[in-house]
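Residues per chain are reported as follows:
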Amino acid sequence: MSNNFTGKQADVVVLGAGIVGVSAAYTARQRGLSVILVDRREPGSETSYGNAGILSSGSISPLNNPSLWSALPKYLTNRHAALRWNPGWSIRNADWVIRFLANATASRLRPRATALHGLIGASLKLHREWIVKAEAAQRIRETGWLKAWRSDAVGAAKQEQALLTEYGIESRLLDRQAISALEPSILPVYKVGLLHTQTASVDSPGAVVKAYARMFTGSGGEIRQSEIKAIVPDGEGWRVVLGDGEIRARDVVVALGPWSADLLRPLGYRVPLAYERGYHREFKPNPARSLQRPIHDAEGSFLMSPMENGIRVTSGVELTDRDAPSSFAQLDQVVPLARGVVEFGEAVGDPWRGARPTLPDSLPMIGPAPRHAGLWLAFGNQHIGFTTGPATGTAIAAMIGGTAPPFDATPFAPSRYL
Ligand SMILES: Cc1cc2nc3c(=O)[nH]c(=O)nc-3n(C[C@H](O)[C@H](O)[C@H](O)COP(=O)(O)OP(=O)(O)OC[C@H]3O[C@@H](n4cnc5c(N)ncnc54)[C@H](O)[C@@H]3O)c2cc1C
């Protein structure tokens, strides 16, 4: 490192203050390292803000599982609420699409489910511990998550339950009466339900990330609000170029969620990251008709979560460029369906858009960049990044410290793609 450097210095710089980056920063700090966490916005303001707030014990089967094939014909119409896709994007990203579909086989399901099960288990343990430590325990609800079908889909529900049972994840199959007993405020539109009993949820994922960030600063960590322009190898370590200065560090963690590939490209890494965009809109609840837990309408392809500011309706997947203009078609399609389940009032605020960062095998990258010492990758947590952020970050801090992560991180090695 040259001697005329006037910027800041730390052992570790973590790029991105979403749930993944905040978790990596906090656990690296717990290991006694000096840590600076950088984001252009406040912690938990992007994808980690707008999600459905589910801490899911059972999301071990990625979207590209064998059942995707039977659903494809209806998705090809490009009118389904579950999936909209931009034909131009699909042609330009045919390689990603082919690799994503190639993973939707029975033989590729088990290894990925096993990997995700380990990651999820470790992460839920951390969330339950940290949310108390962060004095945000009032935000977590241990009421489970209900997936519900309007049709007589007992077979589909039983099939999902069988996979969960195989991994020791508890769930309860419900009929119409049992659903009404569980959620007395909803209309009896669902014939079949699967209650994920070990799943929790929070009433404001953004506030939870902010509380974890306060835990980080409370333990001596530093947050810098600035645009990150580049990461440059610098002697034994790294120089992080910011809009308003520079930071030097021995280790750099890239936890930029859907923006992670951008800063890695100049270093020669072409990350096959796609953006499963999603939307939410919140509505004023009727206090006499409250939801007890998030509900996933399996056939309507939307989620309803009771949040601090109202009922948050989240949409399915839109495959297109990360920064393409918003299209509210999917939200417009599902909001009337949601109103037919539970009574709620007018919209609160504007619709929100985010992007689930997804690699072709739907597993995140957690580990070292293959060709650069001290560069760590922690992104690609797709639909379950709010759940899996704490263990993703903890694994990176463990690897920086030369110790083993709290779960088998081998399937998440960045070298599988880079
Ligand atoms: C509609 C929807 C519903 C979802 N529901 C759930 C759910 O219920 N449960 C669940 O577990 N997961 C859910 N997810 C997924 C989850 O939200 C994401 O996987 C997770 O939030 C990703 O976290 P992250 O820390 O990787 O990224 P982010 O939270 O996006 O953080 C990345 C950060 O990097 C910063 N950044 C990027 N580029 C720069 C730059 N150049 N300079 C400075 N800062 C920069 C951004 O400002 C941002 O704060 C959902 C996602 C969506 C879209």
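Residues numbered from 1 in each chain as written. Predicted model: local features only at pLDDT ≥ 70, side-chain atom pairs only at ≥ 80, totals over all residues. Heavy atoms only, no water.

*Asks:* Explain the overall build of the protein chain here, please?
*Replies:* Within the protein chain, the secondary structure is distributed over twelve helices and 21 strands. At 21 Å, the protein chain has a C-alpha radius of gyration in line with the 22 Å of a compact globule built from 418 residues. Each principal axis of the C-alpha atoms in the protein chain carries an extent, and together these give about 70 × 45 × 40 Å. When contacts within the protein chain are restricted to residue pairs at least 6 apart in sequence, long-range pairs at least 24 apart make up 77% of them. Positive and negative side-chain charges in the protein chain, numbering 45 and 37 respectively, have mean positions lying 2 Å apart. (Helix = DSSP H or I, 4+ residues; strand = E, 2+ residues; numbered from the N terminus. Rg over C-alpha atoms; globule rule 2.2 N^0.38 Å. Contact = heavy atoms within 4.5 Å. Lys, Arg positive; Asp, Glu negative; His and termini not counted. Charge placed at Lys NZ, Arg CZ, Asp CG, Glu CD.)

*Asks:* Would you take a moment to explain the side chain of Asn65 for this structure?
*Replies:* By the element assignment, Asn65 lies in the loop between strand E3 (54–55) and helix H3 (68–76). Residue Asn65 is classed as buried on the basis of its relative accessible area of 13%. In contact with Asn65, other than residues within four places in its own chain, are Ala104, Leu109 and Arg112. (Buried < 20%, exposed > 50% of the residue type's maximum accessible area, 1.4 Å probe, protein only.)

*Asks:* Quick question: what am I supposed to make of H3 here?
*Replies:* Structural remark: α-helix, 3.6 residues per turn; residues separated by three or four positions point the same way. If you check which residues of H3 are buried, you get Leu68, Ala71 and Tyr75. In an axial view of H3, the angular spread of the buried residues amounts to 65°, which keeps them on one side of the axis. Exposed residues on H3 whose side chains face more than 90 degrees from its buried face are Ser70, Pro73 and Leu76. In the core, the buried residues of H3 are packed alongside strand E4 (83–85) and helix H5 (94–102). Positive backbone phi, at 60°, marks Asn78, one or two positions downstream of H3. (Arc of directions from axis to C-beta.)

*Asks:* Teacher, can you tell me more about the sheet that holds strand E9 (residues 200–202) here?
*Replies:* Each strand in a sheet pairs with its neighbour through backbone hydrogen bonds, running either in the same direction (parallel) or in the opposite one (antiparallel). Pairing is antiparallel in the open sheet, where three strands are placed in the order E3-E9-E5. Looking at which strands have only one partner, the edges of the open sheet turn out to be E3 and strand E5 (140–141). (Pairing = 2+ DSSP bridges.)

*Asks:* What's the story with the packing of aromatic side chains in this structure? I'm lost.
*Replies:* Both the distance between ring centres and the angle between the ring planes are used here to describe each pair of aromatic rings. Overall, the coordinates contain eight aromatic pairs when judged by the stated rule. Relative to Phe100, the ring of Trp96 has its centre 4.6 Å away and its plane inclined at 15°; by these criteria the two rings are stacked. Highlighted residues: Trp96 and Phe100, both in helix H5, separated by four residues, approximately one helical turn. Under the relative-accessibility criterion, Trp96 is labelled buried at 6%. Judged by relative accessible area, which is 9%, Phe100 ranks as buried. Centre to centre, the rings of Tyr279 and Phe328 are 5.5 Å apart; their planes meet at 70°, and the pair counts as edge-to-face. Separated by 49 residues along the polypeptide, Tyr279 in strand E14 (residues 274–285) and Phe328 in the loop between strand E18 (317–319) and helix H11 (329–339) bring together distant segments of the chain. For Tyr279, a relative accessible area of 1% puts it in the buried group. Ring-pair connections join several aromatic residues into one group, and the members of that group are Tyr26, Trp130 and Tyr212. The cationic tip of Arg40 hangs over the ring face of Trp259; the distance from NZ or CZ to the ring centre is 5.3 Å. (Phe/Tyr/Trp six-rings, centres within 6.5 Å; stacked < 30°, edge-to-face > 60°. Lys NZ or Arg CZ within 6 Å of the ring centre and 35° of its normal.)

*Asks:* Any chance you could explain the pattern of salt bridges here in plain terms?
*Replies:* Side-chain pairing between opposite charges can occur once the charged atoms of the two side chains come close. Per the stated rule, a full pass over the model turns up 23 salt bridges. Of the charged contacts in the structure, one is a salt bridge between Glu183 and Arg293, with a shortest N-O distance of 2.8 Å. Of this pair, Glu183 sits in the loop between helix H8 (176–182) and strand E8 (192–196) while Arg293 is found in the loop between E14 and strand E15 (295–297), placing the two residues 110 residues apart along the sequence. On the basis of relative accessible area, Arg293 is assigned to the buried category, the value being 7%. With a shortest N-O distance of 3.7 Å, Arg289 and Glu343 are connected by a salt bridge. (Salt bridge = Lys/Arg side-chain N within 4 Å of Asp/Glu carboxyl O.)

*Asks:* Explanation requested: the site of the ligand in the structure shown.
*Replies:* Within the structure, the ligand sits among 30 residues, and Asp39, Thr47, Ser48, Gln382 and Thr387 are positioned closest to it. Between the ligand and Asp39, the relevant distance is 2.5 Å, taken from an oxygen atom to a side-chain nitrogen or oxygen of the residue. Across the complex, the protein chains shield 97% of the 1000 Å² of accessible surface that the ligand would expose by itself. For the shell around the ligand, the secondary-structure elements that each account for two or more residues are helix H1 (19–30), helix H2 (47–50), strand E19 (344–358) and helix H12 (385–400). The greatest single-element share of the shell around the ligand, amounting to three residues, is contributed by H12. (Near = heavy atom within 4 Å. Polar contact = N/O pair within 3.5 Å; in protein donor to acceptor, adjacent residues only side chain to side chain. Areas by Shrake-Rupley, 256 points an atom, 1.4 Å probe, with all protein chains shown as cover.)

*Asks:* Help me understand the packing of H1 against H12, please; the structure alone is not making it clear to me.
*Replies:* Geometrically, a packed helix pair is captured by the angle between its two axes and the distance between the axes. Here H1 crosses H12 at 35°, and the two axes come no closer than 7 Å. Considering only the axes of H1 and H12, their crossing is right-handed. On H12, the residues that touch Ile19, Val20, Ser23, Ala24, Thr27 and Ala28 of H1 are Gly385, Phe386, Gly389, Pro390, Thr392, Gly393, Thr394 and Ala397. In terms of residue class, the contact of H1 with H12 is built from seven nonpolar, seven polar and no charged. (Axes fitted to C-alpha atoms, helices over the stretch in contact; angles between N-to-C directions. Left-handed = near helix turned anticlockwise from the far one by under 90°. Nonpolar A, V, L, I, M, F, W, Y, C, P; charged D, E, K, R; others polar.)

*Asks:* Teacher, can you tell me more about unusual backbone geometry here?
*Replies:* Backbone geometry places Asn78, a non-glycine residue, at a positive phi of 60°. In this fold, Asn78 is placed in the loop between H3 and E4. For Asn78, a relative accessible area of 22% corresponds to the partly exposed category. You will see that Gln382, though not glycine, has its phi angle at about 35°, which is positive. By the element assignment, Gln382 lies in the loop between strand E21 (375–379) and H12. Judged by relative accessible area, which is 9%, Gln382 ranks as buried.

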